[in-house]
Amino acid sequence: MYGTTAKVLRVNLTTGAMAIETLSEDFYRLYPGGKALAGYILLKELPAHTEPFAPENVLVMANGLLTGAPVSTATRYVVSARSPLTNGYGESEAGGFWGPELKMAGFEAIVFTGRAPQPVYLWVHDGQAEIRPAAHLWGQETAPVQETIRAELGDDKIRVLQIGIAGENLVRYAGITNDLRHFNGRNGMGAVMGSKNLRAVAVRGSQRYQTLAYDSEALMALGRKLAKGVRESPQAWDLQQRGTPGLVEALNTGGILPTRNFRQGTFENVDDVKWEAYEKQLLTARRSCYACAIRCKREVAIDGQVSVYGGPEYETVGAFGPDCGINDLHAIAKANELCNAFMLDSISTGATIAFAMECFEHGLIGLDDTDGIELRFGNAEAMLQMIVRIARRQGFGDLLAEGSRRAAEKIGGEAKFFAMQVKGQELAMHEPRGKYNVGMGYAISEIGADHLVVAHDPTLANPDSLTFKNARSLGIAVAQPPRSLSDEKMNHFYILERWNSLEKAIGYCFFGPAPRSFILPEEVLVSINAATGWDMTMEEALQIGERATNMARIFNLREGFSRKDDTLPERLFQGLENGPLQGNAIPRDEFEHALTVLYGLKGWDPETGQPTQERLEALSLGWAADSIGMR
Amino acid sequence: MKLHLGGQFSFYIPGHPHQVDVPLEKPSRLSEILTRLGIPVAEINLAVVNGELVELQSAVISQQDEVKIYPPVSGG
Ligand code: SF4
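These figures come from a predicted structure and were not determined experimentally.

The subject of this paragraph is helix H24 (residues 588-602) of chain A. Residues and elements named next belong to chain A. With 15 residues, H24 should cover 21 Å at 1.5 Å per step; its first-to-last C-alpha distance of 21 Å lies within 8% of that length. Taken as a whole, H24 has its buried residues at Phe591, Ala594, Leu595, Val597, Leu598, Tyr599 and Lys602. Tucked inside the fold, the buried residues of H24 contact helix H19 (436-444), helix H21 (487-506), helix H23 (538-558) and helix H25 (613-618). Positive backbone phi, approximately 75°, marks Gly603, located one or two places after H24.

Okay, here's the thing in structure tokens:
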């Protein structure tokens, strides 16, 4: 088989036993890595109702088919397990260099089971693997751990994926970092690693993707074309110039910059946190992921010191800035450093602190609860102190380390209205009251509120725009306004979710392919076929995405999730408090109707959200029906 | 008029400035001014004149106006 090493490394951390499995081509064509492979392994191998922190939880790290190909933005890998934040299907993607390096070391995926008796890390190099002691790394920040691992293995080019003390302490939204700058932030995958006493996975390989490809010349030619395309694409150019922090001002202008725990859509001090301020106060350089010509990553200096953790992304600026009512860019950069040194998800951390600030302002909690910290909107010092307490599970931080949903249950009263979460995961920094399909994505996503389920509504609102035209070959035919939940809008959602799930299966970054960015759907198809020698059609490719989504859905059904979990925080059905969209709410009846329409397009039962046998068969998922008692 | 180029719109102007001064002899339609500058109007999601969101197609601009334009933004 071409385009993949097809090798999965299996590691039982309890016994230390390891094995290598080789996947068949027929299998791989249905489950070509990433989200698809991880979903398959979890559904097949993880017994229902396994506690997320039990040794029996299965932790999968899986490259996409194209991860490591010499093509811009094909950099991503997925980490999956049952999530301690949502208790459902858990998943988080990251780019960087670790995934490509794993492929060069001969593996597509690593599957961990069990729990090591002592802290360990895994060292993978050119087809070999070794479990090594990590007691000396436990309790340390991520930067020195990376340095120590590289030093003791004698190679400073080793790519280190690791958790921090937040994962060790089982903070339910602890993340995973690679190269200190790229993050599997969401869903608490770092806490699952911590529960297994697995601190890091170090990899080094010498293979080249070109040696795996069916038509390496065609793949290289596409790579060159896309690198040129980056220079000619306005969207890619903007990502390179400003990176994601460039979004702040436009979102604020549109009234959709989440502010003070999503009460408001504009921030009066936006000038202090927008790109021009970031560029002036923080920026030192631009960086990239493996072989990506876009280079959207930022390097920053804080107090004159270049940070080893890279600069805050938009989500981080949004969560610790406007969402906490904070206009201090220096404090936001500090918060970013703390999250990355301790390895916390910056979205859930910021959003959970914003939740606590609202509870404090409403008198639901007081100084006695917060260890004497004035946890009010706008208090940057309090925000920074709380991050450290969360990572260490100290004092009030111990409660916030449980995430906003569990904390709200403990605090009681109206606190549950302030927890901006779906299925237990906090909303990302995108206000759905101005873009309804983002809201639908938050509601329906198997991993809880996630902003990367579909391209955001405004990209498909104007039929003459480049973004709209580039989406036509996916089957998008009629432009739709952002604040619509029409049947055609649900058709957009259905198509775009299949497409985005495909990206997550084959390893593309959200900022590569159209409609968000410039790589045409046809070019993605060319990359798949050049890598593998297949004759895949667009429909077959989109089915990969739909299949992956359905496996995640079945995983959740098995755990007791149903339609009632596909909803939004109450606040979003009420009006925004300020800005151009003041008073605008998601219309509840229309939302429920749209959800029914979308279930219909997905072939899911309107009452239960369960895929029909017919749709499962059409997706070659007949085998999965058993796990939800359909046969 | 002062034109602030949000998001990718600097890309279309030589030298890629964040902001340009556009001399206007008489009040003109914003969409026509932008087209003349080589900015594809279909890519604009939001247009702001003197701090207020406006309808791109109908907005008329005079020399002393301050205009900001933004593309759709997605994901982050
Ligand atoms: S666009 Fe940015 S995040 Fe995506 S692969 Fe390229 S550098 Fe990495």
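This part takes up the side chain of Gln235 of chain A. If you trace the backbone, Gln235 of chain A turns up in helix H9 (residues 234-241). In contact with Gln235 of chain A, not counting residues within four places along its chain, are Leu466, Thr467, Pro515 and Arg516 of chain A together with Gln8 of chain B.

Take the domain arrangement of chain A next. For interface size, the figure often reported is the accessible area lost on association. All names here are of chain A. The domain architecture assigned to chain A consists of domain 1 (7-211), domain 2 (247-413) and domain 3 (436-628). When each unit is reduced to the centre of its C-alpha atoms, the spacing between domain 1 and domain 3 is 26 Å. For the pair domain 1 and domain 3, the two sides together bury roughly 3400 Å², of which 64% comes from carbon and sulfur. At the boundary of domain 1 and domain 3, one finds 3 salt bridges. In this structure, the salt-bridge partner of Asp535 is Arg29, at a minimum N-O distance of 2.9 Å. There are 19 residue pairs in polar contact (both at pLDDT 80 or more) connecting domain 1 and domain 3. At the level of elements, helix H1 (25-30), helix H2 (34-45), strand S4 (77-82) and strand S5 (89-94) are the ones that each hand at least two residues to the side of domain 1 that touches domain 3. Of all the elements, H2 adds the most residues to the side of domain 1 that touches domain 3, at 8 residues. Across the side of domain 1 that touches domain 3, the residue classes tally to 18 nonpolar, 13 polar and 9 charged.

What follows is about the sheet that holds strand S6 (residues 109-113) of chain A. Residues and elements named next belong to chain A. Taking strand neighbours across the sheet as the criterion, the 6 strands line up as S2-S1-S6-S3-S4-S5 in an open arrangement whose pairing is mixed. Single-partner strands in this sheet number two, and they are strand S2 (18-22) and S5. Geometrically, the sheet is characterised by an average inter-axis angle of 15° between neighbouring strands, direction not taken into account. When strand S1 (residues 7-12) meets S6, the two strands line up parallel, connected through 5 bridges. By the bridge assignment, Leu9 is partnered in S6 with Ile110.

All names here are of chain A. With mixed pairing, 6 strands are arranged side by side in an open sheet as S8-S7-S12-S9-S10-S11. Every other strand in the sheet has two partners, leaving strand S8 (128-133) and strand S11 (182-184) as the edge strands with one partner each. Pairwise comparison of adjacent strand axes, ignoring direction, gives a mean angle of 20° for this sheet. Pairing analysis gives 6 bridges linking strand S7 (residues 120-125) to strand S12 (residues 198-204), with the strands arranged parallel. Its bridge partner being in S12, Val124 is matched across the sheet by Val203. Together, S7, S8, strand S9 (159-162), strand S10 (176-178) and S12 form the strand contacts of helix H4 (residues 142-153), whose direction differs from that of S9 by roughly 135°.

A few words on the environment of Asp450 of chain A. All names here are of chain A. If you trace the backbone, Asp450 turns up in the loop between H19 and helix H20 (466-471). What makes Asp450 buried here is its relative accessible area of 8%. When the C-alpha positions of Asp450 and Val422 are compared, they lie 8.8 Å apart, and in sequence the two are 28 residues distant. Those residues in contact with Asp450 that lie beyond four places of it in its chain are Gln425, Gly441, Tyr442, Ser445 and Lys504.

Our focus in this paragraph is the pattern of salt bridges. All names here are of chain A. Applying the stated criterion across every chain, the model contains 47 salt bridges over all chains. Asp179 is the partner of Arg159 in a salt bridge, and the nearest nitrogen-oxygen pair spans 2.7 Å. Taken as a pair, Arg159 in strand S9 and Asp179 in the loop between S10 and S11 lie far apart in primary sequence, 20 residues in all. The class of Asp179 is buried, set by a relative accessible area of 7%. The residue Asp398 makes a salt bridge to Arg393 at a minimum N-O spacing of 2.8 Å. For Asp398, a relative accessible area of 34% translates into the label partly exposed. Each of Arg172, Arg393, Asp398 and Glu402 takes part in a single network of salt bridges with overlapping partners.

With that settled, the discussion passes to the nonpolar core. Residue and element names in this part refer to chain A. Counting 190 residues, the largest nonpolar core has Leu66 and Met383 as its most contacted members. The leading source of residues in this core is H23, at 10 residues. The residues contacting Leu66, other than those within four sequence positions of it, are Ala74, Lys103, Tyr209, Ile506, Tyr508, Ser527, Ile528 and Ala531.

Once that is clear, we can look at the site of the ligand. As a structural note, the neighbourhood of the ligand is formed by Thr73, Thr75, Ser288, Cys289, Cys292, Ile294, Arg295, Cys296, Lys297, Cys509 and Phe511 of chain A. Its residues placed into classes, the shell around the ligand shows 6 nonpolar, 3 polar and 2 charged.

With that out of the way, let us pick up the layout of surface pockets. A water-sized probe rolled over the atoms picks out the places where empty space is left. If you add up the space inside the largest pocket, you get close to 770 Å³. Lining the largest pocket are 34 residues, and of these Pro482 of chain A together with Ile44, Asn45, Leu46 and Ala47 of chain B lie nearest its centre. Secondary structure elements with two or more residues in the lining of the largest pocket: helix H10 (247-253) of chain A together with strand S4 (46-49) and strand S5 (52-54) of chain B. Split by residue class, the lining of the largest pocket holds 20 nonpolar, 9 polar and 5 charged. Taken domain by domain, the lining of the largest pocket gets at least three of its residues from each of domain 2 (247-413) and domain 3 (436-628) of chain A. Considered as a void within the structure, the second largest pocket measures approximately 500 Å³ in volume. When contributions to the lining of the second largest pocket are tallied by element, the ones reaching two or more residues are helix H17 (404-411), helix H18 (415-418), strand S16 (421-422) and H24 of chain A. The element that contributes the greatest number of residues to the lining of the second largest pocket is H17 of chain A, accounting for 3 residues. In the lining of the second largest pocket, the residues fall into 8 nonpolar, 5 polar and 9 charged.

Scanning the model with the defined rule gives 8 cavities of 30 Å³ or more in all. Considered as a void within the structure, the second largest cavity measures approximately 160 Å³ in volume. If you trace the second largest cavity, you find 15 residues lining it, with Gln235, Asp238 and Arg516 of chain A together with Gln8 and Pro72 of chain B closest to the centre. Classifying every residue of the lining of the second largest cavity by side-chain character gives 6 nonpolar, 6 polar and 3 charged.

Turning to the pairing of S2 of chain A, a few remarks are in order. Residues and elements named next belong to chain A. Pairing analysis gives 5 bridges linking S1 to S2, with the strands arranged antiparallel. Within the sheet, the bridge partner assigned to Val8 lies in S2 and is Glu21. Between the end of S1 and the start of S2, which pair antiparallel, lie 5 residues, with Gly16 showing a positive phi angle near 85°.

Now for the interface of chain A and chain B. Tallying the contact residues gives 35 residues for chain A and 22 residues for chain B. Both faces combined, the contact of chain A with chain B buries some 2300 Å², and carbon together with sulfur accounts for 62% of it. Put simply, chain A and chain B have 1 salt bridge between them. As a salt-bridge pair, Lys68 of chain B and Glu249 of chain A come within 3.9 Å of each other at their nearest N and O atoms.

The rules behind the values
Residues numbered from 1 in each chain as written. Chains lettered and ligands numbered in written order. Predicted model: local features only at pLDDT ≥ 70, side-chain atom pairs only at ≥ 80, totals over all residues. Heavy atoms only, no water. Helix = DSSP H or I, 4+ residues; strand = E, 2+ residues; numbered from the N terminus. Expected span 1.5 Å × (residues − 1). Buried < 20%, exposed > 50% of the residue type's maximum accessible area, 1.4 Å probe, protein only. Contact = heavy atoms within 4.5 Å. Domains from an automatic or database assignment. Buried area = accessible area lost by both parts, 1.4 Å probe. Salt bridge = Lys/Arg side-chain N within 4 Å of Asp/Glu carboxyl O. Polar contact = N/O pair within 3.5 Å; in protein donor to acceptor, adjacent residues only side chain to side chain. Nonpolar A, V, L, I, M, F, W, Y, C, P; charged D, E, K, R; others polar. Pairing = 2+ DSSP bridges. Axes fitted to C-alpha atoms, helices over the stretch in contact; angles between N-to-C directions. Core = buried A, V, L, I, M, F, W, Y, C linked by side-chain atoms within 4.5 Å. Near = heavy atom within 4 Å. 1 Å grid on protein atoms, 1.4 Å probe; cavity = no way out; pocket = protein on both sides within 12 Å on 5 of 7 lines; lining within 4 Å. Points joined across faces, edges and corners; volume = space filled by probe spheres on them.

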